[in-house]
Amino acid sequence: MDVLNDEFYMRLALNMASKAAGQTGINPVVGCVVVKDGRIVGIGTHLKRGTGHAEVHALQMAGEEARGATVYVTLEPCSHFGKTPPCCERVIAAGASRVVVAAGDPNPEVAGRGIARLREEGIEVTLGVLEQEARQMNEKFNKYITTRLPFVTLKTASTLDGKIASRTGDSRWVTGPVAREQVHTLRHQHEAIMVGIGTVLADDPLLNTRASVPALDPIRIIVDSSLRLPLDARVVTDRSIRTIVLTSGQAAGERRAALEAAGVGVIVCGSGQQTDLRTAMNKLGELEISSILLEGGGTLNGAMLEAGLIDKVILYYAAKIIGGPGAPGTFTFAGMEKMADAIELEHVSVEMAGEDICVSGYPVYK
């Protein structure tokens, strides 16, 4: 049974915020609950970049009952003018007597100023209620706002012996329907999806979100150092979703012109023969792409891991063994000479996805 306390109301705010994951752009997901005399009088969630923040929606619902109320918010109220006015001033104007905050805002333009402003006006502020949950929920925003680099989540599906396809290249389907539905949810929750040219040539995928209800399609990013992307590939001919190709400085100019004429954005990353992945992440960050779901093959996965560019891994394992020395694996790279040098995961969680096993965690780079 839930206990009626600050965590009770903060958990409601967190739950509301989590449902908006993927639709706020480079902004964080935030939930807010207003409580007066033991009753919830206002609730709100940030729904879209450039529109009212969670506090605005919740306080508008509460109306005059916000005066003397307690405001529960999952992220420190902003204190600066961005696309919307400062939320801390809205809280002050509403006459709230107490504000309970889950986590401080890492945005350098806020970073404690919102809390300080509330306290200046004599409002009691409690910080750190369910802080860890709040920070994890906004892990994509937290990285992007402090580094201007996208948060990269690697997702793979393999057999128990680490094969993502058979020796003939057959990969339909490695995992079951529950895992595949979860993957489409992950696509909805990330701003972009990234694959290598090998995946496009082998499968001609659309790389969209095929959920049972309408969902958001991520921007499509193709790593293609030699510009081998066919003009009749579905990621080119389907213009309902933006497609970006990351390529090398050695790629042919006429091929680039043809792709651009077909509506594909081409970004040159580095001057060598291979796409410089670190440069690529910087350029994608400049385009305000704050999160990427990496669904690459072994070569791209290995290169991203070697470069230390993967922030989180979500590995689905089917209870199958397929074997085959030529069957492609999850990661293809030179590898470590000693077990002690292996890249380990921290904060690991394991759960079932139907008949499949889902392991998630965060790489620790040495």
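Reading the values: rules and limits
- Residues numbered from 1 in each chain as written.
- Predicted model: local features only at pLDDT ≥ 70, side-chain atom pairs only at ≥ 80, totals over all residues.
- Heavy atoms only, no water.
- Phe/Tyr/Trp six-rings, centres within 6.5 Å; stacked < 30°, edge-to-face > 60°.
- Buried < 20%, exposed > 50% of the residue type's maximum accessible area, 1.4 Å probe, protein only.
- Helix = DSSP H or I, 4+ residues; strand = E, 2+ residues; numbered from the N terminus.
- Salt bridge = Lys/Arg side-chain N within 4 Å of Asp/Glu carboxyl O.
- 1 Å grid on protein atoms, 1.4 Å probe; cavity = no way out; pocket = protein on both sides within 12 Å on 5 of 7 lines; lining within 4 Å.
- Points joined across faces, edges and corners; volume = space filled by probe spheres on them.
- Nonpolar A, V, L, I, M, F, W, Y, C, P; charged D, E, K, R; others polar.
- Contact = heavy atoms within 4.5 Å.
- Pairing = 2+ DSSP bridges.
- Axes fitted to C-alpha atoms, helices over the stretch in contact; angles between N-to-C directions.
- Arc of directions from axis to C-beta.
- Polar contact = N/O pair within 3.5 Å; in protein donor to acceptor, adjacent residues only side chain to side chain.
- Parallel < 35°, antiparallel > 145°, perpendicular 65-115°, else oblique.
- Left-handed = near helix turned anticlockwise from the far one by under 90°.

K.L.:
Any details on the packing of aromatic side chains? Residues and values, ideally.
P.N.:
The geometry of an aromatic ring pair is captured by two quantities: the separation of the ring centres and the angle between the planes. According to the stated counting rule, one finds two aromatic pairs in the structure shown. When the ring of Phe8 is compared with that of Tyr9, the centres are 5.1 Å apart and the planes differ by 85°; the resulting orientation is edge-to-face. On the basis of relative accessible area, Phe8 is assigned to the partly exposed category, the value being 32%. Ring centres 5.2 Å apart and planes at 35° place the aromatic pair Tyr9 and Tyr72 in the tilted group. Here Tyr9 is found in helix α1 (residues 6-18), whereas its partner Tyr72 is found in strand β3 (residues 70-75), with 63 residues between them in sequence. Accessibility classification places Tyr9 together with Tyr72 in one group, the buried group. Taken together, the ring pairs in this structure connect Phe8, Tyr9 and Tyr72 into an aromatic cluster.

K.L.:
Quick rundown of the pattern of salt bridges? Include the residues and the values.
P.N.:
Under the criterion given, the structure shown has 15 salt bridges. Glu124 is the salt-bridge partner of Arg98, the closest N and O atoms lying 3.5 Å from each other. Of this pair, Arg98 sits in strand β4 (residues 98-103) while Glu124 sits in strand β5 (residues 124-127); the two residues are 26 residues apart in sequence, bridging distant segments of the chain. Overall, the relative accessible area of 16% leaves Arg98 in the buried class. Exposure remark for Glu124: the relative accessible area of 46% places this residue in the partly exposed category.

K.L.:
Requested: an account of the layout of surface pockets, with residues and values cited.
P.N.:
There is about 1300 Å³ of room inside the largest pocket. What lines the largest pocket is a set of 43 residues, and nearest its centre among them are Thr199, Asp203, Glu295, Gly296 and Gly297. Listed by contribution, the elements that provide at least two residues to the lining of the largest pocket are β6 (151-159), α7 (177-189), β7 (192-196), α8 (197-203) and α12 (298-306). Tallied by class, the residues present in the lining of the largest pocket amount to 17 nonpolar, 16 polar and 10 charged. Along its surface, the second largest pocket is lined by 35 residues, and Met137, Glu139, Lys140, Gln189 and Lys312 are the ones closest to its centre. Among the secondary structure elements, those contributing two or more residues to the lining of the second largest pocket are α5 (131-137), α6 (139-147), α7, β12 (312-318), β13 (344-353) and β14 (356-364).

K.L.:
Any chance you could break down the side chain of Asn142 for me, citing the residues and the numbers?
P.N.:
Mapped onto the fold, Asn142 is located in helix α6. Look past the residues within four positions of Asn142 in its chain and what remains in contact with it is Pro106 and Arg135.

K.L.:
Quick one: what's the story with unusual backbone geometry, residue by residue and with numbers?
P.N.:
Omega for the peptide link from Arg172 to Trp173 comes to -10°, which places this bond in the cis form. Phi is positive for Ala111, which is not a glycine, with a value near 40°. Residue placement: Ala111 occurs in the loop between β4 and α4 (113-120). Exposure remark for Ala111: the relative accessible area of 46% places this residue in the partly exposed category. The phi angle at Leu207 is positive, at roughly 60°, despite the residue not being glycine. Examined against the element boundaries, Leu207 turns out to sit in the loop between α8 and β8 (219-223). What makes Leu207 buried here is its relative accessible area of 3%.

K.L.:
Give me the lowdown on the sheet that holds β3, citing residues and values where you can.
P.N.:
On the basis of which strands lie adjacent, the open sheet formed by five strands has the order β2-β1-β3-β4-β5 and mixed pairing. Both edges of this open sheet fall to β2 (39-45) and β5, since each of them pairs with a single strand only. Averaged over all pairs of adjacent strands, the angle between strand axes in this sheet comes to 15°, irrespective of strand direction. Across five bridges, β3 lies against β4 in parallel orientation.

K.L.:
Go over the sheet that holds β7 with me, naming the residues and quoting the values.
P.N.:
Strand order across the open sheet formed by nine strands is β10-β9-β8-β7-β11-β6-β12-β14-β13, with mixed pairing between neighbours. Each of the sheet's edge strands pairs with one partner strand only, and the pair in question is β10 (265-268) and β13. Ignoring strand direction, the axes of neighbouring strands in this sheet form an average angle of 20°. Packing of α6 onto the sheet brings it into contact with β6, β11 (291-294), β12 and β14, and relative to β6 it is tilted by some 135°.

K.L.:
Account for helix α11 (residues 277-286), with residues named and values stated.
P.N.:
Regarding α11, the residues found buried are Leu277, Ala280, Met281, Leu284 and Gly285. Projected down its long axis, α11 carries its buried residues within an arc of 135°, all on one side. Backbone nitrogen of Arg278 and a side-chain oxygen of the N-cap are separated by 3.1 Å at the start of α11; the cap is Asp276. The positive-phi residue at the C-terminal boundary of α11 is Glu288, with phi of around 60°.

K.L.:
Any chance you could break down the packing of helix α3 (residues 87-94) against α4 for me, citing the residues and the numbers?
P.N.:
Closest axis-to-axis distance for the α3/α4 pair is 9 Å, and the angle between their directions is 20°. Judged by the angle between their axes, α3 and α4 are roughly parallel. As for the relative orientation of α3 and α4, their crossing is right-handed in sense. Along the contact surface, α3 presents Cys88, Glu89, Val91 and Ile92, while α4 presents Gly114, Arg117 and Leu118. Split into classes, the residues belonging to the contact of α3 with α4 amount to four nonpolar, one polar and two charged.

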